[in-house]
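For reference, the chains in residue letters:
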Amino acid sequence: MKIDSIMSATDIPGLSIAVINDNEIVYHRVFGVINTETDIPVSEKTIFEGASLSKPIFAYFVMKMVEQKVIDLDKPLYKYLEHPNMSEHSREEYKFITARMVLSHRTGFPNHANEEKITLAFPPGTDFLYSGEAFQYLAKVICKLKGIDIEGDLNSLFRTEVTEQLNMPHSTFVWNNYLATHKANGHEENNQPTNNSPGNGNWNGKTFSSYSSLHSESSEYANFLIALLKQTGLERDSFVEMFTEHTHFKDSNPLKQQIGQTGWGLGITQKKTEYGTMHMHTGNNHDFQSYMMILPEKDFGIVFFTNSGKAIPFIQGLNSVIGPVF
């Protein structure tokens, strides 16, 4: 597949990539180094930050909670747990926000509030605004409903309901001993390695950040994509909800203009292609970037993790080798 030549051309330090065809992993390889200073090679055990690839698998987990009647997709979240940091201007309007709106980015929440008072950008349900902040509010609602803590307990529930079922033994939203031994270093724009342990930034390693703290690698995450393709682990109606376009982009939306995305389902964005509807998501923690997509009509998917901020040039290289994947 000429992956090594694409990596060389894009100057990516390390990579884990998996390709799915006929609902099976047909290609899984690792390349490069975990740290440009030590030159320790990436192995099949190396773990990367998934960044926003957290959101699709968290949405899958939320649908588990819906099926178990822990939470209703369309019940206002404030009835479960009032948000403590809404501005006076938005205190009444936010009461219309539901889990469905969170997962399809229609809440009006900012991407990150940074502990400041939240003022909604628009009435809930009327427009699109990508928001990790809203995902974390939903995670806290589930914690309240299950009587658990967002530091540790929620990850344990997630592992029981999702990763243990999908053969993803080392995928986690919180820090553990396996990550301490096997996590790659991220890299800045000049390929200088960054700290790979908690405390370097806002994440303390203990908090389940539903929008960004998933750690995984391509073969494990590919098992999640296979579950989406084969529609296993959830009821059929739940997959219909996940794949349905709940948010339809306006023609002026930059994602529609630049990439061709048409809207957002529950946790995953959509794009119409000659091969059917592509369901996709990017991940960007700056020094780690990642990407996933599936084409259900073709039983095809791809996922990769990098320890750098150069995913887009890599995708462009893939496009030239195996056809459009983004």
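An unreviewed UniProt entry lists the protein under the name Serine hydrolase, with Christiangramia salexigens as the source organism.

Caption draft 1: Highlighting the packing of helix H2 (residues 54-67) against helix H5 (residues 153-163). Where H2 meets H5, the axes come as close as 10 Å, and the angle between the chain directions of the two elements is 80°. Judged by the angle between their axes, H2 and H5 are roughly perpendicular. Listed contacts from H5 to Ile57, Tyr60, Phe61, Lys64 and Met65 of H2 are Leu154, Leu157, Phe158, Glu161 and Val162. Split into classes, the residues belonging to the contact of H2 with H5 amount to eight nonpolar, no polar and two charged.

Caption draft 2: Local environment of the environment of Gly276. Tracing the chain through its elements places Gly276 in strand E8 (residues 276-284). Gly276 sits 19 residues away from Leu295 along the chain, and the two C-alpha atoms are 6.5 Å apart. The residues touching Gly276, leaving out its near neighbours within four places in the chain, are Lys271, Leu295 and Glu297.

Caption draft 3: Up close: the sheet that holds E8. Pairing is antiparallel in the open sheet, where eight strands are placed in the order E2-E1-E10-E9-E8-E7-E6-E5. Bordering the open sheet on either side are strand E2 (24-32) and strand E5 (247-248), each of which pairs with just one other strand. Helix H10 (residues 311-322) contacts strand E1 (14-21), strand E9 (289-295) and strand E10 (300-306) of the sheet and is inclined by roughly 145° relative to E10.

Caption draft 4: Representation of the pairing of E10 in the model. Within E10, seven of the seven residues are buried, leaving the element largely enclosed by the surrounding structure. Examined bridge by bridge, E1 and E10 share seven bridges and lie antiparallel to one another. Residue pairing across strands places Asn21 opposite Phe300, the latter belonging to E10. Sheet topology note: the E9/E10 ladder contains seven bridges and is antiparallel. In the strand pairing of E10, Tyr291 is matched with Phe304. The antiparallel hairpin formed by E9 and E10 contains four residues in its connecting segment, where Asp299 sits at a positive phi of about 55°.

Caption draft 5: Focus on the pairing of E9. Most of E9 is tucked away, with seven of its seven residues classed as buried. Every second residue of E9 is oriented toward a common face, with Gln289, Tyr291, Met293 and Leu295 on one face and Ser290, Met292 and Ile294 on the other, all of them buried. Alignment of E8 against E9, held across six bridges, turns out to be antiparallel. Paired with Gly283 across the two strands is Ser290, which belongs to E9. The hairpin turn running from E8 into E9, its antiparallel successor, is four residues long, and His286 in that turn takes a positive phi close to 75°.

Caption draft 6: Looking closely at the pattern of salt bridges. Inspection of the entire model under this criterion finds eight salt bridges. Here Asp74 ties to Arg100 by a salt bridge, and the two come within 2.7 Å at their closest N and O atoms. Residue Asp74 is found in the loop between H2 and helix H3 (99-103), and its partner Arg100 is found in helix H3; the two are separated by 26 residues along the sequence. Of the charged contacts in the structure, one is a salt bridge between Arg100 and Glu241, with a shortest N-O distance of 2.7 Å. Here Glu241 lies in helix H8 (residues 236-243) and Arg100 lies in helix H3, a separation of 141 residues in the sequence.

Caption draft 7: Main features of the packing of helix H1 (residues 3-10) against H10. Here H1 crosses H10 at 145°, and the two axes come no closer than 9 Å. Every pair of crossing elements has a handedness; the one defined by H1 and H10 is right-handed. Of H10, the residues touching H1 (which contributes Ile3, Ile6, Met7 and Thr10) are Pro313, Phe314, Gly317, Leu318 and Val321. When grouped by side-chain class, the residues that make up the contact of H1 with H10 number seven nonpolar, two polar and no charged.

Caption draft 8: Summary view of helix H4 (residues 132-146). Compared with the 21 Å implied by 1.5 Å per residue over 15 residues, the 21 Å span of H4 between its first and last C-alpha is a close match. Among the residues of H4, Gly132, Ala134, Phe135, Gln136, Tyr137, Leu138, Ala139, Val141, Ile142 and Cys143 are the ones counted as buried. Where H4 is buried, its residues contact H2, H3 and H5. Just downstream of H4 lies Gly147, where phi reads positive at about 70°.

About the cut-offs
Residues numbered from 1 in each chain as written. Predicted model: local features only at pLDDT ≥ 70, side-chain atom pairs only at ≥ 80, totals over all residues. Heavy atoms only, no water. Axes fitted to C-alpha atoms, helices over the stretch in contact; angles between N-to-C directions. Helix = DSSP H or I, 4+ residues; strand = E, 2+ residues; numbered from the N terminus. Parallel < 35°, antiparallel > 145°, perpendicular 65-115°, else oblique. Contact = heavy atoms within 4.5 Å. Nonpolar A, V, L, I, M, F, W, Y, C, P; charged D, E, K, R; others polar. Pairing = 2+ DSSP bridges. Buried < 20%, exposed > 50% of the residue type's maximum accessible area, 1.4 Å probe, protein only. Salt bridge = Lys/Arg side-chain N within 4 Å of Asp/Glu carboxyl O. Left-handed = near helix turned anticlockwise from the far one by under 90°. Expected span 1.5 Å × (residues − 1).

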